[in-house]
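# Architecture and fold: a report
One letter stands for each residue in the lines below.
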Amino acid sequence: MGEFFATNELHILRWLHIVAMVYWLGGEWGVFQTSYKVVNHKLSLEERSRHMATAYRIDIMARTGIISLLPLGLHMGYLWGVQPLGGGWLVAMWLLWIVWMAITWGAFANRTNELGNKLALIEDWTRYPLIPALIITGLTSLMGNGPFIAEEGQKWFSAKILTYGLALIIGVILRIIMHEWRKIFPVLAQGPNEELEAKLDKSIQLGRNVAYLYWVLILMTAFFGAVKPF
């Protein structure tokens, strides 16, 4: 088994990277479509709540894909020779990925109680240092200052890191919107509330507007990784 992985390491990582990208793009589309039912005032609150629960079940797969893309991409980048951090650094990165996944799935499994709220908050905070780190390193590498190698024919990797970091900003906005849903629906269960319904409509409109940019950034990230245009 070890020999098989050593021989096919890059191919296996590429396959997993494609699967993660499919879950990311497909999952976000699923949440987008489900959102139409969540805010539909003509449906009963019970049915809207079921659609919201479906959105969360779809979203966890998208988030799994998002989180997995980073270590997969960096690992492949090391094998391709476009990022210099390997060895113990890669081991540490994958260990952090395990912790990150445990927090993400723990938040999903406990989303209806206080533990889930705390884990979701921790998961949100993982983005705040990560996003600027990705954007800054992507930009500095494209300018020739590292840490990633960006010689002729290698700039695609730094560009991919940059667009991935920008996409995560949109992801944070969409997460905030979903957090807002979770707070609003228990209040709506107590009776009609036009103010909260209007707030739902406003938040979902924002989500739909930024979702288009989100898909563009996701497709750009995939394009840089697959085509390696520069």
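Check the entry above for the structure.
This text gives an overview of the structure that appears in the document.

What counts, and where the lines are drawn
- Residues numbered from 1 in each chain as written.
- Predicted model: local features only at pLDDT ≥ 70, side-chain atom pairs only at ≥ 80, totals over all residues.
- Heavy atoms only, no water.
- Helix = DSSP H or I, 4+ residues; strand = E, 2+ residues; numbered from the N terminus.
- Contact = heavy atoms within 4.5 Å.
- 1 Å grid on protein atoms, 1.4 Å probe; cavity = no way out; pocket = protein on both sides within 12 Å on 5 of 7 lines; lining within 4 Å.
- Points joined across faces, edges and corners; volume = space filled by probe spheres on them.
- Nonpolar A, V, L, I, M, F, W, Y, C, P; charged D, E, K, R; others polar.
- Axes fitted to C-alpha atoms, helices over the stretch in contact; angles between N-to-C directions.
- Parallel < 35°, antiparallel > 145°, perpendicular 65-115°, else oblique.
- Left-handed = near helix turned anticlockwise from the far one by under 90°.
- Phe/Tyr/Trp six-rings, centres within 6.5 Å; stacked < 30°, edge-to-face > 60°.
- Buried < 20%, exposed > 50% of the residue type's maximum accessible area, 1.4 Å probe, protein only.
- Salt bridge = Lys/Arg side-chain N within 4 Å of Asp/Glu carboxyl O.
- Patch = residues over 30% accessible without salt bridge, like charges linked within 9 Å, V, L, I, M, F, W, Y side chains within 5 Å.
- Areas by Shrake-Rupley, 256 points an atom, 1.4 Å probe, with all protein chains shown as cover.

## Re the environment of A62
By the element assignment, A62 lies in helix 2 (residues 45–80). Excluding residues within four positions of it along the chain, A62 makes contact with Y23, W24, G27 and E28.

## Some thoughts on empty space enclosed by the protein
Applying the stated rule across the entire model yields three cavities of 30 Å³ or more. The space that makes up the largest cavity amounts to roughly 280 Å³. Lining the largest cavity are 22 residues, and of these E28, V31, L174, R175 and M178 lie nearest its centre. At the level of secondary structure, the elements contributing two or more residues to the lining of the largest cavity comprise helix 1 (2–38), helix 2, helix 5 (155–188) and helix 6 (194–227). The element contributing the most residues to the lining of the largest cavity is helix 5, with eight residues. Within the lining of the largest cavity, the residues separate by chemical class into 13 nonpolar, three polar and six charged.

## Remarks on the packing of helix 5 against helix 6
Two numbers describe how helix 5 lies on helix 6: the axes approach to 8 Å, and their chain directions differ by 160 degrees. The angle between helix 5 and helix 6 places the two elements in the roughly antiparallel class. Relative to helix 6, helix 5 is oriented so that their crossing is left-handed. Of the residues in the contact of helix 5 with helix 6, the class split is 24 nonpolar, six polar and four charged.

## Quick word on the packing of aromatic side chains
Aromatic rings considered in pairs are described by the distance between their centres and by the relative angle of their planes. Considering all chains together, one arrives at 16 aromatic pairs under this definition. Both rings, one in W80 and one in W156, keep their centres 5.6 Å apart while their planes meet at 85 degrees; by these two values the pair is edge-to-face. Here W80 is found in helix 2, whereas its partner W156 is found in helix 5, with 76 residues between them in sequence. Under the relative-accessibility criterion, W80 is labelled partly exposed at 30%.

## Here we look at the side chain of K160
With respect to the helices and strands, K160 occurs in helix 5. Other than its neighbours up to four places away in sequence, K160 contacts H17, T221, F224 and G225.

## A short note on the pattern of salt bridges
Applying the stated rule across the entire model yields eight salt bridges. E46 is paired through a salt bridge with R50; the nearest N and O atoms lie 3.6 Å apart. Here E46 pairs with R50, and both are found in helix 2, just four residues apart, close to one helical turn. Looking at E46, the relative accessible area reads 57%, which means it is exposed. Exposure remark for R50: the relative accessible area of 47% places this residue in the partly exposed category. Of the charged contacts, one joins E123 and R127 as a salt bridge, the two residues approaching to 3.4 Å between their closest N and O atoms.

## Focus: a nonpolar patch on the surface
On the surface, V91, L95 and I98 cluster together to form a nonpolar patch covering roughly 280 Å² of accessible area. For V91, the location among the structural elements is in helix 3 (residues 88–109).

## Some remarks on unusual backbone geometry
The general pattern is negative phi for most residues beyond glycine and trans for most peptide bonds. In this model, G146 is joined to P147 through a cis peptide bond whose omega is 10 degrees. When you line up the elements, P147 lands in the loop between helix 4 (114–142) and helix 5. The backbone of K228 sits at a positive phi, close to 50 degrees, despite the residue not being glycine. Tracing the sequence through the fold places K228 in the segment after helix 6. For K228, a relative accessible area of 30% translates into the label partly exposed.

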